[in-house]
Amino acid sequence: MAELIFEDHFSRSILSKLIADHKIDRIVTSGFIMRDSNYGSLKKALKKQSIPVDTMNRAMTLSNIDTALKDKQFRHILVVGGGRLVDYCKLICSRRNRDLSILLTNLSNDGFASGCSALPIKIGGDFETIKSRVPKNVFAFYEVLSLMPKAFLVSGLGECVSKLQVMEDLRFEHSQRMIDKLFCQPLESLFDLLFRDFTIHNFSDREFVFRLTKALYQYSNLMRDGSTLCSRSEHEFEKACTMSGIELRHGTLVLIGALVSMHIRDSQPSLYEGRRPSFTYDTLLKVIVKFKLTKHTQKALQKLIKNLSDPVFSKNLQTLSNLRPDRIGLWNFVDSQKINWHDQFNEMHQDLYEMKSSPKRELLDVLDM
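1. Considerations on the side chain of Glu234
(1) Moving on: Assignment of secondary structure puts Glu234 in helix 10 (residues 233-243).
(2) Moving on: Despite its burial, Glu234 pairs with no opposite charge, the nearest such side chain being Lys163 at 5.5 Å.
(3) Moving on: A polar side-chain atom of Glu234 sits 3.3 Å from a polar atom in the side chain of Gln165.
(4) Moving on: At 2.9 Å, the side chain of Glu234 forms a polar contact with the backbone nitrogen of Arg232.
(5) Moving on: In this structure Glu234 touches Ser162, Gln165, Val166, Asp169, Leu253, Val254, Gly257, Ala258 and Ser261, once residues within four positions along its chain are discounted.

Below you can see the structure in the form of structure tokens.
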């Protein structure tokens, strides 16, 4: 299991000590980090280190994984980045039997501490999830994470909110006792992020960034051997969108996928099999309003509605139930061909508007943007 080390301050000397303490002998970062002016202090710290620094500018796909860093020697690399760069390097280290640690620069998804990588087979191709190397350490510095574009934070928050839907899907396959045992720590961190009363001023607030990092990390640790426990019907929706070329961030798509699944559940109470749900469609609407994600989510829904005229997108939505039948979730019990997707998206858009306008919502709107 990767160890999470969260610190507030970052400097050249702190990075040097981290490298020495953990016997790191190579650094790999992304072209985005090296080009973006916001990361000036990070770039300077990287360039002042005594070990090689490689910038990954190539397209990161499964088809070219075996040529990546082929001529570079290392025993333990430090990956400075997030997202696909982390997934790519985890697989490189797995194939070469080397160690890696992560210095996080963004919080767009929950895969950074996992033991699997999701990568496209080729440029523009379908994604495949493969077992890879579990990082030894994840270093998260608030001063570095506060530099990330807001879009990455919104994506990470959408990923976390979607876990409420995952918890409901798991009940189709697992006992409540097993769920309680496995998800004790992840749910505690998720509740600290989404439901505890705390006031934050914006998405760069230290307390928010810390709670988001911890929640994503806890779920990431559940994916040591695969994503089965953290990826259900909301991720099938995301895959259908990605396969159709929908250009929205991963966290936004899984958030909408979670809304879709929860909305369908509420319209078909028999899916609860007589039990009381822990989280509902109403819960998701309130959390979205609480964190002022209403306009962001509505804008994404409008884009999806517009793309329904694309026959490829329409077909992919209609065949959702056949996408991952081995991954037990809502689409094993609901036929996606019978969903009126135009009405579905429009109803969710309207429900978000009504929740935002309602004086009776229970979750306080604490985020002052």
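After that view, the rundown keeps rolling.
2. Structural notes on the packing of aromatic side chains
(1) Moving on: Tallied over the entire structure, the rule returns 15 aromatic pairs.
(2) Moving on: In this structure an aromatic cluster arises from ring pairing among Phe237, Trp331, Trp341 and Phe345.
(3) Moving on: Across the ring face of Phe210, the terminal group of Arg206 is positioned such that the distance to the ring centre comes to 5.1 Å.
(4) Moving on: Above the face of the Phe152 ring, Arg249 is positioned so that its terminal group lies 4.5 Å from the ring centre.

3. As for unusual backbone geometry
(1) Moving on: The backbone phi angle of Leu69 is positive, close to 55 degrees, even though this residue is not glycine.
(2) Moving on: Judged by its relative accessible area of 11%, Leu69 falls in the buried class.
(3) Moving on: The phi torsion at Asn97 lies on the positive side, around 55 degrees, for a residue other than glycine.
(4) Moving on: Within the element layout of this structure, Asn97 appears in the loop between helix 4 (83-96) and strand 5 (99-104).

4. Regarding the nonpolar core
(1) Moving on: Counting residues in each nonpolar core, the largest one holds 119 residues, and the members touching the most others are Leu194, Phe237, Trp341 and Phe345.
(2) Moving on: If you tally residues by element for this core, the top one is helix 6 (residues 150-170), at 10 residues.
(3) Moving on: When sequence neighbours within four positions are dropped, the list of residues in contact with Trp341 reads Phe237, Val260, Leu308, Leu317, Gln318, Leu320, Trp331 and Ser336.

5. Description of the pattern of salt bridges
(1) Moving on: If you walk through the whole model with that rule in mind, you get 20 salt bridges.
(2) Moving on: Note that Asp54 and Lys72 form a salt bridge whose closest N and O atoms lie 3.9 Å from each other. Of this pair, Asp54 sits in strand 3 (residues 53-56) while Lys72 sits in the loop between strand 3 and strand 4 (76-81), and the two are 18 residues apart along the sequence.
(3) Moving on: Overall, the relative accessible area of 31% leaves Lys72 in the partly exposed class.
(4) Moving on: Notably, a salt bridge pairs Glu207 with Arg206, separated by 3.8 Å at the nearest N-O pair.
(5) Moving on: Exposure remark for Glu207: the relative accessible area of 28% places this residue in the partly exposed category.

6. Observations regarding the sheet that holds strand 4
Strand pairing within a sheet occurs via backbone hydrogen bonds; the two strands may be parallel or antiparallel.
(1) Moving on: If you trace the six strands from one edge of the open sheet to the other, you get 1-8-5-4-2-3, paired in parallel fashion. Lying at the two open borders of the sheet, with one neighbouring strand each, are strand 1 (3-7) and strand 3. Neighbour-to-neighbour, the strand axes of the sheet open up by a mean angle of 20 degrees, direction not taken into account.
(2) Moving on: Sheet topology note: the strand 1/strand 8 (residues 137-141) ladder contains five bridges and is parallel. Within strand 8, the position partnered with Glu7 by the bridge is Phe141.

7. As for the packing of helix 10 against helix 14 (residues 311-318)
(1) Moving on: One can describe the packing of helix 10 onto helix 14 by two numbers: an axis separation of 9 Å at closest approach and a directional angle of 160 degrees. For the element pair helix 10 / helix 14, the angle class is roughly antiparallel. In the packing of helix 10 onto helix 14, the handedness of the crossing is right-handed. On the side of helix 10, the interface is formed by Phe237, Ala240, Cys241 and Met243, while helix 14 contributes Phe313, Asn316 and Leu317.
(2) Moving on: Tallied by class, the residues present in the contact of helix 10 with helix 14 amount to six nonpolar, one polar and no charged.

8. So, helix 14
(1) Moving on: Taken as a whole, helix 14 has its buried residues at Phe313, Asn316 and Leu317. The buried residues of helix 14 occupy one face: seen down the axis, they fall within an arc of 100 degrees. Facing away from the buried surface of helix 14 by more than 90 degrees, the exposed residues are Pro311 and Lys315.
(2) Moving on: Considering only its buried residues, helix 14 is in contact with helix 10, helix 13 (294-307) and helix 15 (341-357).

Rules of the game
Residues numbered from 1 in each chain as written. Predicted model: local features only at pLDDT ≥ 70, side-chain atom pairs only at ≥ 80, totals over all residues. Heavy atoms only, no water. Helix = DSSP H or I, 4+ residues; strand = E, 2+ residues; numbered from the N terminus. Buried < 20%, exposed > 50% of the residue type's maximum accessible area, 1.4 Å probe, protein only. Lys, Arg positive; Asp, Glu negative; His and termini not counted. Salt bridge = Lys/Arg side-chain N within 4 Å of Asp/Glu carboxyl O. Polar contact = N/O pair within 3.5 Å; in protein donor to acceptor, adjacent residues only side chain to side chain. Contact = heavy atoms within 4.5 Å. Phe/Tyr/Trp six-rings, centres within 6.5 Å; stacked < 30°, edge-to-face > 60°. Lys NZ or Arg CZ within 6 Å of the ring centre and 35° of its normal. Core = buried A, V, L, I, M, F, W, Y, C linked by side-chain atoms within 4.5 Å. Pairing = 2+ DSSP bridges. Axes fitted to C-alpha atoms, helices over the stretch in contact; angles between N-to-C directions. Parallel < 35°, antiparallel > 145°, perpendicular 65-115°, else oblique. Left-handed = near helix turned anticlockwise from the far one by under 90°. Nonpolar A, V, L, I, M, F, W, Y, C, P; charged D, E, K, R; others polar. Arc of directions from axis to C-beta.

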